[in-house]
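Listed below are the residues making up each chain.
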Amino acid sequence: MPAGVHETQINVPIEEVWDFVSSINNWAPLVPGYITHDLINENESTWEFKGDLGFMKKTVKLKVDITEWGEPTLVTFNLTGTSDNFKGGGYFKAEKLDDHTTKMIGSLDITAGGAMGPMVNAILKSFVPKTAEELTIAVAEEIAKVKA
């Protein structure tokens, strides 16, 4: 299963990190290749983004189901492809280091199914970790900017 985890520290209290990540509208636009997203309800949304897999660019549509809102430390989600045979999940986790510093951990896994699955998964093995890193960094930078 193609997966990636990235962690970073930001000089922001954990409560302010939660204020940001507790709204999908804040971090969905930070997904690399973001095109659009629509909220269905508090726990469900659809996302569209363009994935650059090196030799091809592909527009992907995913349904995102939040499986846990664990204030102030955890948001977990499942991903289901609506345009392609993808499934996966991930999380944002925050750890309070002190009153003004938080460690953020972002995790993402995506697996392709179907006849093309093995070939696509081979490509996703480098794409998914890079995406997890870019998204975690983008969220951390945006929180720091908003809270500055």
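One can find the structure itself at the top, above this paragraph.
Basis of the calculations
- Residues numbered from 1 in each chain as written.
- Predicted model: local features only at pLDDT ≥ 70, side-chain atom pairs only at ≥ 80, totals over all residues.
- Heavy atoms only, no water.
- Helix = DSSP H or I, 4+ residues; strand = E, 2+ residues; numbered from the N terminus.
- Rg over C-alpha atoms; globule rule 2.2 N^0.38 Å.
- Buried < 20%, exposed > 50% of the residue type's maximum accessible area, 1.4 Å probe, protein only.
- Contact = heavy atoms within 4.5 Å.
- Areas by Shrake-Rupley, 256 points an atom, 1.4 Å probe, with all protein chains shown as cover.
- Lys, Arg positive; Asp, Glu negative; His and termini not counted.
- Charge placed at Lys NZ, Arg CZ, Asp CG, Glu CD.
- Phe/Tyr/Trp six-rings, centres within 6.5 Å; stacked < 30°, edge-to-face > 60°.
- Pairing = 2+ DSSP bridges.
- Salt bridge = Lys/Arg side-chain N within 4 Å of Asp/Glu carboxyl O.
- Axes fitted to C-alpha atoms, helices over the stretch in contact; angles between N-to-C directions.

Undergrad: Got a sec to walk through the overall build of the protein? Specific residues and values, please.
TA: Assigned secondary structure in the protein consists of 3 helices and 7 strands. Mapped from its N terminus to its C terminus, the protein presents α and β elements in the order β-α-α-β-β-β-β-β-β-α. Taken over the C-alpha trace, the protein has a radius of gyration of 15 Å; the compact-globule value for 148 residues is 15 Å, and the two agree within 12%. By principal-axis analysis of the C-alpha atoms, the protein measures approximately 50 × 30 × 20 Å. In the protein, which comprises 148 residues, the proportion classed as buried is 44%. Within the protein, contacts between residues separated by at least 24 positions form 49% of all contacts whose residues are at least 6 apart in sequence. Only carbon and sulfur atoms are counted for the fraction: they give 51% of the accessible area of the protein, which is about 7600 Å². Of the charged side chains in the protein, 13 are positive and 21 negative; the average position of the first set lies 8 Å away from that of the second.

Undergrad: Before we move on, can you summarise the packing of aromatic side chains with the specific residues and values?
TA: Tallied over the full model, the rule gives 4 aromatic pairs. For the ring pair Trp18 and Trp69, a centre distance of 6.3 Å and an interplane angle of 90° mean the geometry is edge-to-face. Taken together, the residues span a long stretch of sequence, with Trp18 in helix H1 (residues 14-21) and Trp69 in strand E4 (residues 57-70) at a distance of 51 residues. For Trp18, a relative accessible area of 8% puts it in the buried group.

Undergrad: Tell me about the pairing of E4, and please be specific about residues and values.
TA: The pairing of strand E3 (residues 44-52) with E4 spans 9 bridges and is antiparallel. The residue of E4 that forms the bridge with Gly51 is Lys58. Two elements, E4 and strand E5 (residues 74-81), share 8 bridges in a ladder whose sense is antiparallel. Bridging across to E5, Leu62 finds its partner in Gly81.

Undergrad: Tell me what's going on with unusual backbone geometry, and back it up with residues and numbers.
TA: Between Glu71 and the following residue, Pro72, the backbone shows a cis peptide bond with an omega angle of 0°. Along the chain, Pro72 turns up in the loop between E4 and E5.

Undergrad: Now, about the pattern of salt bridges: what can you tell me, with residues and values included?
TA: According to the stated counting rule, one finds 8 salt bridges in the structure shown. Asp84 is the partner of Lys58 in a salt bridge, and the nearest nitrogen-oxygen pair spans 3.1 Å. Here Lys58, found in strand E4, pairs with Asp84, found in the loop between E5 and strand E6 (86-98); they are 26 residues apart in sequence, far enough to count as distant. Lys58 sits in the partly exposed class, given a relative accessible area of 28%.

Undergrad: Describe the sheet that holds strand E1 (residues 3-10), listing the residues and the values that go with them.
TA: Reading across from one edge, E1-E7-E6-E5-E4-E3-E2 is the order of the 7 strands in this open sheet, with antiparallel pairing throughout. The sheet is open, and its two edges are formed by E1 and strand E2 (34-41), each paired on a single side. The sheet shows a mean angle of 20° between the axes of neighbouring strands, direction not considered. Direction of pairing for E6 relative to strand E7 (residues 101-112): antiparallel, over a ladder of 12 bridges. Across the sheet, the residue bridging to Gly88 is Ile110, located in E7. Along the sheet face, H1 touches E1, E4, E5, E6 and E7 and points at about 155° away from the line of E6.

Undergrad: Talk me through the side chain of Asp109; I want residue IDs and the actual numbers.
TA: Here Asp109 lies in strand E7. One buried charged residue, Asp109, remains without a salt bridge, the closest side chain of opposite sign being Lys87 at 8.8 Å. Once residues lying within four places of it in the same chain are set aside, the contact partners of Asp109 are Met1, Pro2, Ala3, Leu79, Lys87, Gly88, Gly89 and Val128.

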